[in-house]
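Below are the chains, spelled out letter by letter.
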Amino acid sequence: MSLTLEDRAASPVTTGRTGYRHASLTVRGKDRPGIVAAVGSVLGEHGANIVSLDQYSDDPQGGAFFQRTVFGLDHLGSALPAVGENLRRRLDQDFELEFTLRDLSVPKRVAIFASKSDHCLLDLLWRHRRGQLPVTVAMVVSNHPDTAEEVRSFGIPFFHVPSSGPDKSAAEAEHLRLLEGNVDFVVLARYMQILSADLIGRLGVPIINIHHSFLPAFVGAGPYAKAKERGVKLVGATAHYVTEHLDEGPIIEQDVVRVSHADTAAELQRRGADVERAVLTRAVQWHAEDRVIRHGNHTIVFA
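The written sequence of each chain sets the order in which its residues are numbered from 1. Only residues with pLDDT of at least 70 are given local features in this predicted model, and only at 80 or more are side-chain atom pairs given and counted; all residues enter the totals for whole chains, interfaces and linings. Values shown for side chains rest on all heavy atoms present in the structure; no hydrogens or waters enter the calculation.

## So, the packing of aromatic side chains
Part 1: Two rings from Phe, Tyr or Trp (for Trp, the six-membered ring) form a pair when their centres sit within 6.5 Å of each other. Planes less than 30 degrees apart are called stacked, planes more than 60 degrees apart edge-to-face, and all others tilted. What the rule picks out here adds up to 2 aromatic pairs.
Part 2: Plain terms: the ring middles of Tyr56 and Phe66 are 6.2 Å apart, the flat faces sit at 15° to each other, and that makes the pair stacked. In this pair, Tyr56 is assigned in strand S3 (residues 49-57) and Phe66 in strand S4 (residues 64-73), connecting sequence segments 10 residues apart.
Part 3: Relative to Tyr191, the ring of Phe113 lies with its centre 5.2 Å away and its plane at 85°, an arrangement referred to as edge-to-face. On the criterion of sequence distance, the pair formed by Phe113 in strand S6 (residues 108-114) and Tyr191 in the loop between strand S9 (185-188) and helix H6 (197-203) is long-range, its members being 78 residues apart. Each helix corresponds to a stretch of at least 4 residues labelled H or I by DSSP, and each strand to a stretch of at least 2 residues labelled E; elements are numbered beginning at the N terminus.

## Observations concerning the sheet that holds strand S11 (residues 234-241)
Part 1: Read across the open sheet, the 7 strands follow the order S8-S7-S6-S9-S10-S11-S12; overall the sheet is mixed. A single partner strand is all that each edge strand has here, and the edge strands are strand S8 (158-160) and strand S12 (251-258). The mean angle between the axes of side-by-side strands here comes to 20°, regardless of whether they run parallel or antiparallel.
Part 2: As judged from the 3 bridges shared by S9 and strand S10 (residues 207-211), these two strands associate in the parallel manner. The residue of S10 that forms the bridge with Leu188 is Asn209.
Part 3: The contact rule is simple, with two residues in contact once any of their heavy atoms fall within 4.5 Å. As a rule, the C-alpha atoms of each element are fitted with a line to give its axis, helices using only the stretch in contact, and angles between N-to-C directions run from 0 to 180 degrees. Contacts from helix H3 (residues 119-129) reach S6, strand S7 (135-142), S9 and S10 within the one sheet, and its direction differs from that of S7 by about 155°.
Part 4: Docked against the sheet, helix H8 (residues 265-288) engages S6, S7, S9, S10, S11 and S12, running at close to 155° with respect to S12. We call two strands paired when DSSP finds no fewer than two bridges between them.

## Regarding the nonpolar core
Part 1: In this structure, Ile112, Leu121, Leu124, Leu125, Val140 and Leu280 are the most contacted members of the largest nonpolar core, which totals 33 residues.
Part 2: Elements supplying a minimum of two residues to this core: S6, H3, S7, helix H4 (148-153), S9, S10, S11 and H8.
Part 3: Among the elements that line this core, the one with the most residues is H8, at 7 residues.
Part 4: Listed in part, the 22 residues of the second largest apolar core include Leu73, Leu87, Phe95 and Phe99. By nonpolar core we mean a set of buried residues, namely Ala, Val, Leu, Ile, Met, Phe, Trp, Tyr and Cys, connected to one another through side-chain atoms within 4.5 Å. Remark: exposure states derive from per-residue accessible area (1.4 Å probe, protein chains only) relative to the maximum for the residue type, with buried under 20%, exposed over 50%, and partly exposed in between.

Everything listed is a geometric property; what it means functionally is a separate question.
If you want it as structure tokens, here you go:
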């Protein structure tokens, strides 16, 4: 049984009632009768109003169970610890479940990594400025200084951390210095560097990457040139969690666009860039809203 309770200090987002905010509750574990009823009962005891509930079981006869619930509650900030403790006591008594409980008015803090290609980076910053992404962009980190001026025009701190050659230890040490304790997840917005297994482990937060290909096809570098060589009729993009195995992490979102034999590799890249932006935006939003539950090397996405 494990509990993660996130309720950092922040200016609350109210909905017309003093202290009334929404929280997300995600549950995962072995499927068995009574889980939904038990969760609903605990929330009801605290006067919470369930506004959405999604659930999935990969096998109702003892398979894996997943649930995402959003509920509203008066004085959520002060009530959330008690709700978490009662969930722990109730679920630990009859079930073997893991759950995460979070105040949705407290945006997750994200660091965006980028290189020279700026289309995914600037799209995320533009959507964030328009209030379309429920995150706090803590910083942008790049191995090139090219986008510094544009990033700072959004009021976001920019850090240039060069990373070249086989020895990236100095760059990764700086990454750790910047990120540790300051972010809840990292987004690689076409960051054209491979993160070491040591850095991934020491960061200890989810990392989302956008790969400019419809995985598992065309892994690694130069996928549009490879796609042109194969005469593909579709090009796509894949947003996935980063693991120590290149381009093999759990997939969050994918999409494609139809192309023609007449399209050049450059045209494939241009059309693919539009797909990359859309796919990465959806993945970041769903992760920020606790809609994604990792299970082994795949994901459950309550989109």
